[in-house]
Amino acid sequence: MSWADTTVDSRQNLDERIGVVGLGYVGLPVALAYATHGFHVVGYDISQTHIAALCQGIPEVVTATADDLTTALNSGWFVPTTNAQHLQGCAALIICVPTPLAPGGIPDLSALQAAASTVAEHAHPGVTVILESTSYPGTTREILLPLLESRLGKVGVDFFLGFVPERIDPGNKAYRLDNTPRIVGGMTPECTRHIVALYQQIVSDCYPVSSPEVAETAKLLENSFRNINIAWVNELLRFCQETGLDVDEVIRAAATKPFGYMPFWPGPGVGGECIPVDPRYLAWRARVVHSPLYLLEHALDTNDWQPLYEVDQIKEILNQAGRPISQALVLIIGVAYKPDVADVRNAPALLVIERLQKAGARVMYHDPYVSTIDVSGNRLRSVDLSKRLLQGVDLAVLVTAHSSVDVDHIYRLVPRFLDLTHGA
Ligand SMILES: NC(=O)c1ccc[n+]([C@@H]2O[C@H](COP(=O)([O-])OP(=O)(O)OC[C@H]3O[C@@H](n4cnc5c(N)ncnc54)[C@H](O)[C@@H]3O)[C@@H](O)[C@H]2O)c1
């Protein structure tokens, strides 16, 4: 029996459990979505503190609400655990573990490999295994398939395997998990059919493709598209600054074209777990197969070093005001990597602060979503924006414009103000 043949009622009788491996930004909302739709869900994570928080109804990630978590826990449909034995017998296992970068910007697949081993150890014949973690094209076939085949038999017959890239956008209220289409790339047509039937329980639209590699590459195309376009306008920003043009006005003008163009905006750099990281998986794989993606590599470097360009601007403004950087007090407004979220992973603000401190500046920050940050081993706390504080700084730098921050108020009180944000 599979989802392709069952209704919600019959599934409850069958007690078909779903295991989600890794309950972070991506895995937790998936687990809660299935629990909400009447599936028994085992949420497995190696982090004891994270599981303890979940059991107390604290989601710890912005992609799930405490209300949804509490409802799922109280219903008994969702069981968070650090015990992998509970994955045994699950009809589907969905892997959502981190795929970060190792030093040197190369893929770090240690979490994925560990999760794949856990899944292979506890999977039983008939299981459907899905990888959601972003990785290079070939990961599902090269890492998961051999492990599962050695224990379960033939793919598409004895078990089902495929890649379904995550498309979560933390903080996006218009496009959520349920109304964002999902690409499904099964190892075989039968695998794709099983996986589509499973995902149709929680999302409105699935788009089947011919292989996991197509799905893996499509995910990296999406993220690389953003990285390349942001790098392009970051370069254009420099050109405009040199030639005395307002880059925002230029982009707004171009955006009046109703076809063949979509606006991207310059900024302090790219942050988060996806846009600065995932394209490196593609660039790395392209080098391995001797087909380098030079445009992408250049874009990645441009965006990675953008915060340093902004630090040079800060130094120049202070110099012109007769304040050497080593004696300056700089206030950073917004350290999260994008507005209205609390996420500082790979946030450009951290590199800006680190470099300013290294140059001898005193740096404070204000962020209503982020109470503390660690920079070069030192902890900084978000400061309250009193009138006295604002009047006492040498320069305020707007890095991330949270909607609840009164930027006009800050602008009026500080002696100098640099806005690194752009947009319509
Ligand atoms: N965060 C996003 O917005 C986003 C969007 C699209 C895709 N992705 C991709 O999704 C994947 C997961 O990202 P995330 O943001 O959810 O990561 P995360 O760090 O928020 O969560 C991952 C969870 O996996 C757990 N974990 C690590 N190793 C494990 C193991 N061996 N077994 C079980 N649990 C394990 C961690 O403890 C953590 O709780 C990554 O590949 C990421 O690139 C993330």
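What counts, and where the lines are drawn
Note that residues are indexed from 1 along each chain, following the sequence as it is written. Where totals are concerned, whole chains, interfaces and linings use all residues; where local detail is concerned, this predicted model gives features only for residues with pLDDT of at least 70, and gives and counts side-chain atom pairs only at 80 or more. Where side-chain values are given, they derive from all heavy atoms of the structure, hydrogens and water being excluded. A pair of strands counts as paired when DSSP detects no fewer than two bridges linking them. Helix numbering and strand numbering both begin at the N terminus, where a helix is a DSSP run of H or I of at least 4 residues and a strand a DSSP run of E of at least 2. To get an axis, a line is fitted to the C-alpha atoms, and for a helix only the part in contact is used. The angle between two axes follows their N-to-C directions and goes from 0 to 180 degrees. Here a residue-residue contact requires only that any non-hydrogen atoms of the pair lie within 4.5 Å. Throughout this document, a residue counts as near a molecule or strand when at least one of its heavy atoms sits within 4 Å of that molecule or strand. Residues adjacent in sequence count toward polar contacts only when both atoms are side-chain atoms; beyond that, a polar contact is any pair of N or O atoms within 3.5 Å, and within protein one must be able to donate a hydrogen and the other to accept it. Note on areas: Shrake-Rupley, 1.4 Å probe, and residue coverage restricted to the protein chains presented here. For this classification, Asp, Glu, Lys and Arg are treated as charged, while Ala, Val, Leu, Ile, Met, Phe, Trp, Tyr, Cys and Pro are nonpolar and the rest, including Gly, are polar. Pairs were defined over the aromatic rings of Phe, Tyr and Trp, the Trp ring being its six-membered one, requiring ring centres within 6.5 Å. Orientation was assigned from the angle between planes: stacked under 30 degrees, edge-to-face over 60, tilted for the rest. Three exposure classes are used, based on accessible area relative to the maximum for each residue type with a 1.4 Å probe and protein chains only: buried under 20%, partly exposed in between, and exposed over 50%. Only when the NZ of Lys or the CZ of Arg is both within 6 Å of the ring centre and within 35 degrees of the ring normal is a charge said to sit over the ring. It is the directions from the helix axis to the C-beta atoms whose arc is reported. Put simply, a salt bridge is a Lys or Arg side-chain nitrogen that is within 4 Å of an Asp or Glu carboxyl oxygen. Residues belong to one nonpolar core when they are buried, are Ala, Val, Leu, Ile, Met, Phe, Trp, Tyr or Cys, and are joined through side-chain atoms within 4.5 Å. The span you would expect from a helix comes to 1.5 Å times its residue count less one. With a 1 Å grid spanning the protein atoms alone, the term cavity applies to any set of points in which a 1.4 Å probe fits but cannot get out, the term pocket to an open set with protein on both sides within 12 Å along at least five of seven lines, and the term lining residue to any residue with an atom within 4 Å of a point. Grid points are joined across faces, edges and corners, and a volume is the space filled by probe spheres set on the points.

**Student:** Help me out: how do you make sense of the sheet that holds strand E7 (residues 128-131) in this one?
**Tutor:** Across the sheet, which stays open at both edges, the eight strands sit in the order E3-E2-E1-E4-E7-E8-E9-E10 with mixed pairing between neighbours. The sheet is open, and its two edges are formed by strand E3 (78-81) and strand E10 (206-209), each paired on a single side. Across this sheet, the average inter-strand angle for adjacent strands is 20 degrees, counted without regard to direction. Across five bridges, strand E1 (residues 17-21) lies against strand E2 (residues 40-44) in parallel orientation.

**Student:** Help me understand the environment of His422, please; the structure alone is not making it clear to me.
**Tutor:** One can find His422 in the segment after strand E16 (417-419). Taking the C-alpha atoms as reference, His422 lies 37 Å from His290; in sequence the two are 132 residues apart. When neighbours within four sequence positions are excluded, His422 is seen to be in contact with Leu237, Val247, Asp248, Trp265, Pro266 and Gly267.

**Student:** Explanation requested: the site of the ligand in the structure shown.
**Tutor:** Among the 27 residues in the neighbourhood of the ligand, the closest are listed as Tyr25, Val26, Asp45, Thr99 and Thr134. Measuring from an oxygen atom of the ligand, one finds a backbone N or O atom of Val26 at 2.9 Å. At a separation of 2.9 Å, an oxygen atom of the ligand approaches a polar backbone atom of Thr134. Coverage of the ligand by the protein amounts to 90% of the 830 Å² it exposes when considered alone. Among the elements that line the shell around the ligand, the one with the most residues is helix H5 (residues 110-122), at three residues. By residue class, the composition of the shell around the ligand is 15 nonpolar, seven polar and five charged.

**Student:** Please explain the packing of aromatic side chains as it appears in this structure.
**Tutor:** Here a ring pair, both rings aromatic, is described through the centre-centre distance and the interplanar angle of the planes. Applying the stated criterion across every chain yields a total of five aromatic pairs. Ring geometry for Tyr34 versus Phe39: centroids 5.3 Å apart, planes at 85 degrees, classification edge-to-face. The class of Tyr34 is buried, set by a relative accessible area of 0%. Accessibility expressed as a relative area gives 1% for Phe39, which makes it buried. For the pair Tyr34 and Tyr199, a centre-to-centre distance of 6.3 Å together with 85 degrees between the ring planes defines the contact as edge-to-face. Of this pair, Tyr34 sits in helix H2 (residues 27-36) while Tyr199 is found in helix H7 (residues 189-199), placing the two residues 165 residues apart along the sequence. Each member of the aromatic cluster is reached from another via a ring pair, and the members are Tyr34, Phe39 and Tyr199. The ring of Tyr25 is capped by Arg345, whose NZ or CZ atom sits 3.8 Å from the centre of that ring.

**Student:** What is the right way to read helix H9 (residues 247-254) from this model?
**Tutor:** Turn by turn, an α-helix covers 3.6 residues, leaving residues three or four places apart pointing in a common direction. Among the residues of H9, Val247, Asp248 and Ile251 are the ones counted as buried. Taken down its axis, H9 places every buried residue within 100 degrees of arc, on the same side. On its buried face, H9 is in contact with helix H8 (212-243). Residue Asp246 occupies the N-cap position of H9, its side-chain oxygen lying 2.9 Å from the main-chain nitrogen of Asp248.

**Student:** Any chance you could explain the side chain of Glu132 here in plain terms?
**Tutor:** Position of Glu132 relative to the elements: it lies in the loop between E7 and helix H6 (139-152). Given the relative accessible area of 2%, Glu132 is considered buried. Among the polar contacts made by the side chain of Glu132, one reaches the side chain of Arg182 at a distance of 3.1 Å. Setting aside chain neighbours within four positions, we find Glu132 in contact with Val26, Val30, Ile94, Ile95, Cys96, Phe163, Val164, Pro165, Glu166, Arg182 and Tyr199.

**Student:** Help me out: how do you make sense of the pattern of salt bridges in this one?
**Tutor:** Evaluation of the coordinates by the stated rule reveals 15 salt bridges. Linking Arg280 and Asp301 is a salt bridge whose minimum nitrogen-to-oxygen distance equals 3.1 Å. Linking Arg280 in helix H10 (residues 278-288) with Asp301 in helix H11 (residues 294-320), this pair joins segments that are 21 residues apart in sequence. Asp301 sits in the partly exposed class, given a relative accessible area of 37%.

**Student:** For this particular structure, what's the right way to read the nonpolar core?
**Tutor:** Nonpolar side chains tend to gather and get buried jointly when the protein is soluble and globular. Within the largest apolar cluster, 37 residues are counted, with the highest numbers of intra-cluster contacts made by Ile95, Val129, Leu144, Leu148, Phe159 and Leu161. When contributions to this core are tallied by element, the ones reaching two or more residues are E2, strand E4 (92-95), H5, E7, H6 and strand E8 (160-163). In contact with Leu148, not counting residues within four places along its chain, are Val119, Ala120, Val129, Gly153, Phe159 and Leu161.

**Student:** For this particular structure, what's the right way to read H5?
**Tutor:** For H5, built from 13 residues, the straight-helix expectation of 18 Å at 1.5 Å per residue is met to within 8% by its first-to-last C-alpha distance of 19 Å. Of all the positions in H5, only Leu112, Ala115, Ala116, Thr118, Val119, Ala120 and His122 are classed as buried. Those residues of H5 hidden inside the fold are in contact with E1, E2, E4, E7 and H6.

**Student:** I keep staring at unusual backbone geometry and nothing clicks. Help me out?
**Tutor:** The phi angle of most residues is negative, glycine excepted, and most peptide bonds adopt the trans form. Of note, His290 is a non-glycine position whose phi angle comes to about 60 degrees, a positive value. Using a relative accessible area of 71% as the deciding quantity, one classes His290 as exposed.

**Student:** Where do I start with the layout of surface pockets in this structure?
**Tutor:** If a probe the size of a water molecule is rolled over the atoms, the empty space left behind becomes visible. Quantified by volume, the second largest pocket comes out at close to 810 Å³. What lines the second largest pocket is a set of 32 residues, and nearest its centre among them are Pro29, Thr63, Asp68, Arg176 and Leu177. At the level of secondary structure, the elements contributing two or more residues to the lining of the second largest pocket comprise H2 and helix H4 (66-75). The greatest single-element share of the lining of the second largest pocket, amounting to five residues, is contributed by H2. A per-class count over the lining of the second largest pocket returns 14 nonpolar, nine polar and nine charged.

**Student:** Which parts of the structure should I look at to understand the sheet that holds strand E12 (residues 362-366)?
**Tutor:** In any sheet, the strands associate via hydrogen bonds between backbone groups, in a parallel or an antiparallel arrangement. Here four strands make up an open sheet; going across it, the order is E12-E11-E15-E16 and the pairing parallel. Looking at strand neighbours, the two that pair on one side only are E12 and E16, the edges of this open sheet. Averaged over neighbouring strand pairs, the angle between their axes works out to 20 degrees when direction is ignored. As defined by bridge partners, strand E11 (residues 329-333) adjoins E12 across five bridges and the pair is classed as parallel. Each bridged residue has a counterpart across the sheet, and for Val330 the counterpart in E12 is Val363.

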